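A look at the structure
Residue-level listing of the chains:
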2 protein chains.
Amino acid sequence: MPSQAQIGVVLVSPRNPLNIGAAARAMANFGFDRLTVVAPYEPHWREARSAVGADELLQNAHRTESLAEAVAACTLVIGTGSLTHRKPEQPVVPLPALAPLVAAELARGGRVALVFGPEKHGLTRDDLSWCQLLLEIPTDPRQPSMNLGQAVAVCLYELAARAFPPPAAVPAATPSAPAKGPAASASLDRLAGVIEETMAAAGYSPRSMQQANRHDLRLLLRRLAPAAQDTRRILGLFRRILWRLNQIQKGK
Amino acid sequence: MPSQAQIGVVLVSPRNPLNIGAAARAMANFGFDRLTVVAPYEPHWREARSAVGADELLQNAHRTESLAEAVAACTLVIGTGSLTHRKPEQPVVPLPALAPLVAAELARGGRVALVFGPEKHGLTRDDLSWCQLLLEIPTDPRQPSMNLGQAVAVCLYELAARAFPPPAAVPAATPSAPAKGPAASASLDRLAGVIEETMAAAGYSPRSMQQANRHDLRLLLRRLAPAAQDTRRILGLFRRILWRLNQIQKGK
């Protein structure tokens, strides 16, 4: 059974303690817990680990001196970064296409590392030589460079959502009514009847228009497709209005 | 042709200037540029806008006093947040399933708002009553709460990557509704106002229920999601009813 423990995040020489914390938080959000930090700037590393809210994940993070060491146990090493300034030597995979590759690697018992470079200049050519694949997050050419914590979040979201298909089927997203099933045609007709009476009582339209209005109203209610419960609610409102219109009409 | 300019990001009362900046950066990374900030804490808003690197996007951001105003022109308003503490009143869509819904809305010429709440407690029940859908980022139950800047990045990545299919693949727009595009949030609010007056004139509910009814009515109209033309038609009907109720009331 593929597990998120087979995927690790590697940060190479991160400079900003806030970014280290943000990467760790994104990992926790998406259920990953293997963090390795390569050759961090020592004061910032200490600061990140002692920050309020720095959690277990950061306390348990590995620290290595080299990227080679950090990815030693991994079977698929994926480097991230913008490719604007270099000609890649490895295959480049856009993030939306990554999940099947990772899923296949997990299925055969592999271990995957996602490697992120330093904030300023990203992974060096030498760093990349440990990577089988280059991962590209598709960004706007006018502003291609992402914040480290945000880049980690986006990559892990994608993998968590799409490299680990849930055992059962994904629940069909209900775009429409939350309210207990659709209304039956007959209840729509009942509602249409009361609305029509209300229109008449309010003098909404001349009698000659009645046929056309009835037709339009029927179509309108079907376009709206209210759920059963909402249909009852709207019916209640129009009944009250109608009753009031009639009551006043009778001079009470 | 669907465009990213049809999608806006709305931040409701963000507290942390760094988060405002991070949200703006993620927007620029993924090619979005319509940012609205609702009732920001003034000093932090000023700080965010004057930060080094705060770009055009932040300078051009809109600022409104209310969420209603921020989403007035939108036809699909999507609230984000964790649902751990409440029972949602709207349909919930997991982020990986969102793109087709947004793509359909863009194809029929709609305008979409993604609404993010304040860092601490997220969107209130009242905020959510302006939303047709709730968006849930699937996170680990042990650490469900995301950093604001990271949440924005993840949502925009998903939409940029999957709601804008290449020109050829765009699905033919809406085989169903005849009625010329969706109603904007502000027209729904206008309709709700007239219905509320009608309810009062018909003695539909006691004054003490007014708040609750207003909330329910707002949600009901968003569930029904009437097209622009239908919204005008329903408005016309209620205006007539209201006029009639008032006229009779005055003893004419």
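Fair warning: this is a prediction, and the values are worked out from it, not measured in the lab.

Below, the discussion takes up the overall build of chain A. For chain A, the helix and strand inventory stands at 10 helices and seven strands. Across the 252 residues that make up chain A, the buried fraction comes to 44%. In chain A, of all internal contacts separated by at least 6 residues, the share reaching a separation of at least 24 is 85%. Accessible surface for chain A amounts to roughly 12700 Å². Of this, 55% is attributable to carbon and sulfur atoms.

Moving on: the pairing of strand S7 (residues 133–136) of chain B. Residues and elements named next belong to chain B. Where strand S4 (residues 76–80) meets S7, three bridges bridge the pair, whose relative direction is parallel. Following the sheet pairing, Thr80 is matched in S7 by Leu135. One ladder, built from three bridges, connects strand S5 (residues 92–94) with S7; its direction is parallel. Pairing of Val93 across the sheet is with Leu135, part of S7.

All names here are of chain B. In spatial order, the strands read S3-S2-S1-S6-S4-S7-S5; together these seven strands make up an open sheet with parallel pairing. In this open sheet, the two edge strands, each paired with only one partner strand, are strand S3 (62–64) and S5. On average, adjacent strands in this sheet sit at an angle of 25 degrees to one another, irrespective of strand direction. Inspection of the sheet shows strand S1 (residues 7–12) paired to strand S2 (residues 34–38) by five bridges, in the parallel sense. If you follow Val9 over to S2, its bridge partner there is Leu35.

The description of two helices packed together rests on the angle between their axes and the distance between the axes. All names here are of chain B. Look at helix H8 (residues 185–201) against helix H10 (residues 228–249): their axes get within 9 Å of each other, and the N-to-C directions meet at 25 degrees. Considered as vectors, H8 and H10 are oriented roughly parallel to each other. In the crossing of H8 with H10, the sense of the turn from one axis to the other is left-handed. Where H8 abuts H10, its residues Ser187, Leu188, Arg190, Leu191, Val194, Ile195, Glu197, Thr198 and Ala201 lie against Thr231, Ile234, Leu235, Phe238, Arg239, Ile241, Leu242, Leu245, Asn246 and Gln249.

Moving on: the interface of chain B and chain A. Contacts between chain B and chain A engage 64 residues on the former and 58 residues on the latter. When chain B packs against chain A, close to 4900 Å² is buried across both sides, 63% of that on carbon and sulfur atoms. In terms of surface lost to chain A, no three residues of chain B exceed Asn29, Gln150 and Tyr157 of chain B, which account for 13% of the buried area on that side. The interface formed by chain B and chain A holds three salt bridges in total. Close ionic contact of Asp230 of chain A with Arg223 of chain B constitutes a salt bridge, the shortest N to O distance being 2.6 Å. Taken together, chain B and chain A are joined by 25 residue pairs in polar contact (both at pLDDT 80 or more).

Attention now goes to the pairing of S1 of chain B. Residues and elements named next belong to chain B. Among the six residues that make up S1, six are buried, leaving the element largely enclosed by the rest of the structure. Here S1 shows two buried faces, one formed by Ile7, Val9 and Leu11 and the other by Gly8, Val10 and Val12. In terms of strand pairing, S1 meets strand S6 (residues 112–116) through five bridges, oriented parallel. Within S6, the position partnered with Val9 by the bridge is Leu114. For the crossover that starts at S1, traverses helix H1 (residues 17–29) and ends in the parallel S2, the hand is right-handed.

What follows deals with the sheet that holds strand S5 (residues 92–94) of chain A. Strands belonging to one sheet form pairs held by backbone hydrogen bonds; the direction of such a pair is parallel or antiparallel. Residue and element names in this part refer to chain A. Spatial ordering of the open sheet is given by S3-S2-S1-S6-S4-S7-S5, a layout of seven strands whose pairing is parallel. Both outer strands of the open sheet, strand S3 (62–64) and S5, are each paired with one neighbouring strand and no more. Recorded for the sheet is a direction-independent mean angle of 25 degrees between the axes of neighbouring strands. With four bridges joining them, strand S4 (residues 76–80) and strand S6 (residues 112–116) adopt parallel strand pairing. Counted as the bridge partner of Val77 is Ala113 from S6. Those strands touched by helix H7 (residues 148–162) are strand S1 (7–12), S6 and strand S7 (133–136), and its axis lies near 155 degrees from that of S6.

Another point: the pattern of salt bridges. Going through the model one piece at a time under the given rule, you end up with 18 salt bridges over all chains. The closest approach of N and O atoms between Asp140 of chain B and Arg142 of chain B, which form a salt bridge, is 2.8 Å. A relative accessible area of 13% places Asp140 of chain B in the buried class. According to the relative accessible area criterion, Arg142 of chain B is exposed, its value standing at 72%. One network of salt bridges, with partners in common, ties together Glu158 and Arg162 of chain A together with Glu158 and Arg162 of chain B.

For Asp140 of chain A, the position within the fold is in the loop between S7 and H7. For Asp140 of chain A, the contacting residues outside a window of four places in its chain are Ala28, Asn29 and Gly31 of chain B.

As a further point, take the side chain of Ser185 of chain B. Position of Ser185 of chain B among the secondary structure elements: in helix H8. Ignoring any residue separated from it by four or fewer positions in sequence, one finds Ser185 of chain B in contact with Val71, Ala72, Cys74, Trp130 and Arg222 of chain B.

A word on the packing of aromatic side chains. In total, this model carries six aromatic pairs over all chains according to the counting rule given. Ring-pair connections join several aromatic residues into one group, and the members of that group are Phe30 and Tyr157 of chain A together with Phe30 and Tyr157 of chain B. Taking the ring centre of Tyr41 of chain A as reference, the NZ or CZ of Arg15 of chain A above it sits at 4.5 Å. Sitting over the face of the ring of Trp130 of chain B, Arg218 of chain B holds its NZ or CZ atom 3.6 Å from the ring centroid.

Next up on the list: unusual backbone geometry. Residues and elements named next belong to chain B. Even without a glycine there, the phi angle at Ala39 is positive, about 40 degrees. With respect to the secondary-structure elements, Ala39 resides in the loop between S2 and helix H2 (42–50). With a phi angle near 50 degrees, Ala225 is a residue other than glycine that sits in the positive phi range. Taking relative accessible area as the criterion, Ala225 reaches 42% and is therefore assigned partly exposed.

Residues and elements named next belong to chain A. When the pLDDT values of chain A are averaged, the result is 85; 89% of them are 70 or greater. Counted against residues more than four places away or in other chains, residues 168–178, with its pLDDT under 50, gives 13 contacts. For this predicted complex, the interface confidence reaches an ipTM of 0.79, while the overall pTM sits at 0.81.

About the criteria used
- Residues numbered from 1 in each chain as written.
- Chains lettered and ligands numbered in written order.
- Predicted model: local features only at pLDDT ≥ 70, side-chain atom pairs only at ≥ 80, totals over all residues.
- Heavy atoms only, no water.
- Helix = DSSP H or I, 4+ residues; strand = E, 2+ residues; numbered from the N terminus.
- Buried < 20%, exposed > 50% of the residue type's maximum accessible area, 1.4 Å probe, protein only.
- Contact = heavy atoms within 4.5 Å.
- Areas by Shrake-Rupley, 256 points an atom, 1.4 Å probe, with all protein chains shown as cover.
- Pairing = 2+ DSSP bridges.
- Axes fitted to C-alpha atoms, helices over the stretch in contact; angles between N-to-C directions.
- Parallel < 35°, antiparallel > 145°, perpendicular 65-115°, else oblique.
- Left-handed = near helix turned anticlockwise from the far one by under 90°.
- Buried area = accessible area lost by both parts, 1.4 Å probe.
- Salt bridge = Lys/Arg side-chain N within 4 Å of Asp/Glu carboxyl O.
- Polar contact = N/O pair within 3.5 Å; in protein donor to acceptor, adjacent residues only side chain to side chain.
- Right-handed = clockwise from strand over helix to strand, strands pointing away.
- Phe/Tyr/Trp six-rings, centres within 6.5 Å; stacked < 30°, edge-to-face > 60°.
- Lys NZ or Arg CZ within 6 Å of the ring centre and 35° of its normal.
- pLDDT = per-residue confidence, 0-100.

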